[in-house]
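A closer look at the structure
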Amino acid sequence: MADAYPKTPMLDELEKGKWPSFVTEIKMAAADNPMGKDLLGLLERSYREKIGHWKHGGIVGVMGYGGGVIGRYNDLPDEYPNISHFHTMRINQPAGWFYTTEALRKICDIWEKHGSGLTNMHGSTGDIILLGTTTDELEPTFDELQKINFDIGGSGSDVRTPSCCCGQARCEWACYDTMGACYDFTMAYQDELHRPAFPYKFKFKFSGCPNDCVASIARSDMSIIGMWRDDIQMDKDAIKEYADGGMDIKADVVDNCPAKCMDWNGKELTIENSYCRHCMHCINVMPKALAPGKDRGATILLGAKAPIVEGALLSSVIIPFIKMEPPYQEIKDLTERIWDVWCEEGKNRERVGEFIQRVGLGNFLEAIEVEPIPEMVAHPRENPYVFYEEYFEEDDGSED
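Every chain is numbered independently, its residues counted from 1 as its sequence is written. Reporting in this predicted model follows two pLDDT cut-offs: at least 70 for local features of residues, and 80 or more for side-chain atom pairs to be given and counted; totals over whole chains, interfaces and linings ignore these cut-offs and use all residues. The basis for every side-chain value is the complete set of non-hydrogen atoms in the structure, without hydrogens or water.

1. Focus on the pattern of salt bridges
- Basic side-chain nitrogens of Lys or Arg form a salt bridge, by our definition, when they fall within 4 Å of a carboxyl oxygen of Asp or Glu. Considering all chains together, one arrives at 18 salt bridges under this definition.
- The closest approach of N and O atoms between Asp 184 and Lys 332, which form a salt bridge, is 2.5 Å. Taken together, the positions of Asp 184 in helix α6 (residues 178–188) and Lys 332 in helix α12 (residues 329–345) put the pair 148 residues apart, joining distant regions of the chain.
- Residue burial is assigned from relative accessible area. The probe radius is 1.4 Å, only protein chains are included, and a residue is buried under 20% of its type maximum, exposed over 50%, and partly exposed in between. Note on Lys 332: relative accessible area 8%, which makes it buried.
- Measuring nitrogen to oxygen at the nearest pair gives 3.2 Å for the salt bridge that ties Lys 236 to Glu 268. With Lys 236 in helix α9 (residues 236–244) and Glu 268 in the loop between β11 (262–264) and β12 (269–271), this residue pair connects regions lying 32 residues apart in the sequence.
- Taking relative accessible area as the criterion, Lys 236 reaches 52% and is therefore assigned exposed. Here a helix means four or more residues in a row that DSSP labels H or I, a strand means two or more in a row labelled E, and each is numbered from the N terminus.

Structure (structure tokens):
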């Protein structure tokens, strides 16, 4: 393998230490694939010169699709011809990232045949990322992926590939079927996913409970987070077992409750559920004794994004509770009203959260036909642009 790739003293530093290194993986690919060899050379040169040698790729894709392929070209094609094109393909992952080894082997075989053999499992959106191929190989790759029932995901100003936690498949705290909802929305919005027509990207992420294992509250334009609206389920005998086993329930559970809605008198745990913030801490600490309530659904939040154009945003509550039952028409109707307003008034490369900040939440809520509610405000004056309109009857001069 030593002769399969160029000398890379700076990259070699990244292989030191106890953690796995992407450099090692590229070197393994370079032993059999010339794209890997050139990639090592270009990357080492970029580190040495402190200059990135990748340029914007423009528009490149497969027939009938506007999204799913990210154009990549280097600016030294004569020196690194095997990666003069190095396009990335985003592939729609299975809901919950459940694969069979057979499916993974088929994907890898296709990519070794048509591309660099390098993959990223998974991108921040959730997709399978296939790193590096030429323009001529895009269509053949797509054709073979279709034969094993994999489709291209989203890229550009469109619906990005919806993703979800494993939900009820493996997690007892899931308050709705995240995988079912993710699949439903993926199928419903195929046109919006494959043909960019928005001001910028729009992401759905589905989390089964407030633990939010897909970080939807920080990374998705629409976060659909499992929630309950009745009392936390409690097994008093199991609580006693925790206490008898040495757990300091006051210090580990009660004192860490952000709502201060719990009390432990040494024998009995009580919860004032009307003050509960559904943070999941007590349930996580005592999973055998506590569980989400039985009246389950989801909270819909809007507007998260990473710090690209403006600063990072966390999503904010738009619907505090909704039942999550197919075909999810109420959520889809809300989504499409949001898209109509955003597409009509949004600026280029302006995410929904930035759009709301610019036009004001009050104006946005009125445009999407949603009434303002206290749950939209984290604390007093958090959202000073929410106003409640008061209507007064005109005084006609008569006495009561």
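2. Section: the nonpolar core
- Of all hydrophobic cores here, the largest spans 38 residues; its most connected members are Phe 204, Phe 206, Met 222, Ile 224, Met 324 and Ile 368.
- At the level of secondary structure, the elements contributing two or more residues to this core comprise α6, β8 (204–207), β9 (222–228), β14 (296–302), β15 (316–322), α12, α13 (352–359) and α14 (361–367).
- The criterion used for residue contact is that any of the two residues' heavy atoms lie within 4.5 Å. Dropping the residues within four chain positions of it, Met 324 is found in contact with Tyr 176, Ala 181, Ile 224, Gly 297, Ala 298 and Ile 331. Only buried Ala, Val, Leu, Ile, Met, Phe, Trp, Tyr and Cys residues count toward a nonpolar core, and they belong to the same one when joined by side-chain atoms within 4.5 Å.

3. Observations regarding the packing of helix α4 (residues 101–114) against helix α5 (residues 138–147)
- Axis geometry follows a simple rule: fit a line to the C-alpha atoms, using only the stretch in contact for helices, then measure angles between N-to-C directions, giving values from 0 to 180 degrees. Put simply, α4 and α5 touch, their axes get as near as 10 Å, and they point 165° apart. Here α4 is positioned roughly antiparallel relative to α5, judged by the angle of their axes. As for the relative orientation of α4 and α5, their crossing is right-handed in sense. In contact with Ile 110, Trp 111, Lys 113 and His 114 of α4, α5 contributes Pro 140, Thr 141, Glu 144 and Leu 145.
- Classification convention: Asp, Glu, Lys, Arg as charged; Ala, Val, Leu, Ile, Met, Phe, Trp, Tyr, Cys, Pro as nonpolar; all other residues, Gly among them, as polar. Here the residues of the contact of α4 with α5 are counted per class, giving 4 nonpolar, 2 polar and 2 charged. Oblique is the label for every angle not falling under 35 degrees (roughly parallel), over 145 degrees (roughly antiparallel), or within 65 to 115 degrees (roughly perpendicular). In this scheme, a crossing is called left-handed if the near helix is turned counterclockwise away from the far one by less than a right angle; it is called right-handed if the turn is clockwise.

4. Some points on the packing of helix α2 (residues 22–30) against helix α3 (residues 34–49)
- Where α2 meets α3, the axes come as close as 7 Å, and the angle between the chain directions of the two elements is 140°. Residue-level inspection shows Phe 22, Ile 26, Lys 27 and Ala 30 of α2 in contact with α3, the latter providing Gly 36, Lys 37, Leu 39, Leu 40, Leu 43 and Tyr 47.
- When its residues are assigned to classes, the contact of α2 with α3 shows 7 nonpolar, 1 polar and 2 charged.

5. Comments concerning the packing of aromatic side chains
- What counts as a ring pair is set by centres within 6.5 Å for rings of Phe, Tyr and Trp (its six-membered ring), and what kind of pair is set by the plane angle: stacked under 30 degrees, edge-to-face over 60, tilted for all other angles. A full pass over the atoms with the stated rule returns 16 aromatic pairs.
- On the basis of an interplanar angle of 45° and a centroid distance of 5.0 Å, the ring pair of Phe 198 and Trp 339 is categorised as tilted. Taken together, the residues span a long stretch of sequence, with Phe 198 in the loop between α7 (190–194) and β8 and Trp 339 in helix α12 at a distance of 141 residues.
- In this structure Trp 339 comes out as buried when scored by relative accessible area, which is 5%.
- Measuring from ring centre to ring centre gives 6.4 Å for Phe 204 and Phe 206, while their planes differ by 20°; the resulting arrangement is stacked.
- Owing to a relative accessible area of 1%, Phe 204 belongs among the buried residues under this scheme.
- Of the residues examined, Phe 206 reaches a relative accessible area of 0% and is grouped as buried.
- In textbook terms, an aromatic cluster arises when at least three aromatic residues are bridged by ring pairs, as seen for Phe 185, Tyr 189, Phe 198, Phe 202, Phe 204, Phe 206, Tyr 328, Trp 339 and Trp 342.
- The side chain of Arg 195 reaches across the aromatic face of Tyr 65, ending 5.9 Å from its centre.
- Here the guanidinium or amino end of Lys 332 rests over the ring plane of Phe 185, the centre of that ring lying 5.6 Å away. Here, over-ring charges are defined by two tests on the NZ atom of lysine or the CZ atom of arginine: distance to the ring centre within 6 Å, and angle to the ring normal within 35 degrees.

6. Structural notes on the environment of Phe 204
- Take Phe 204: it is sitting in strand β8.
- C-alpha of Phe 204 to C-alpha of Val 159: the two residues are 45 residues apart in sequence and 7.8 Å apart in space.
- In this structure, Phe 204 is in contact with Val 159, Pro 162, Ser 163, Phe 185, Tyr 189, Ser 220, Met 222, Thr 335 and Trp 339, ignoring residues within four places of it in sequence.

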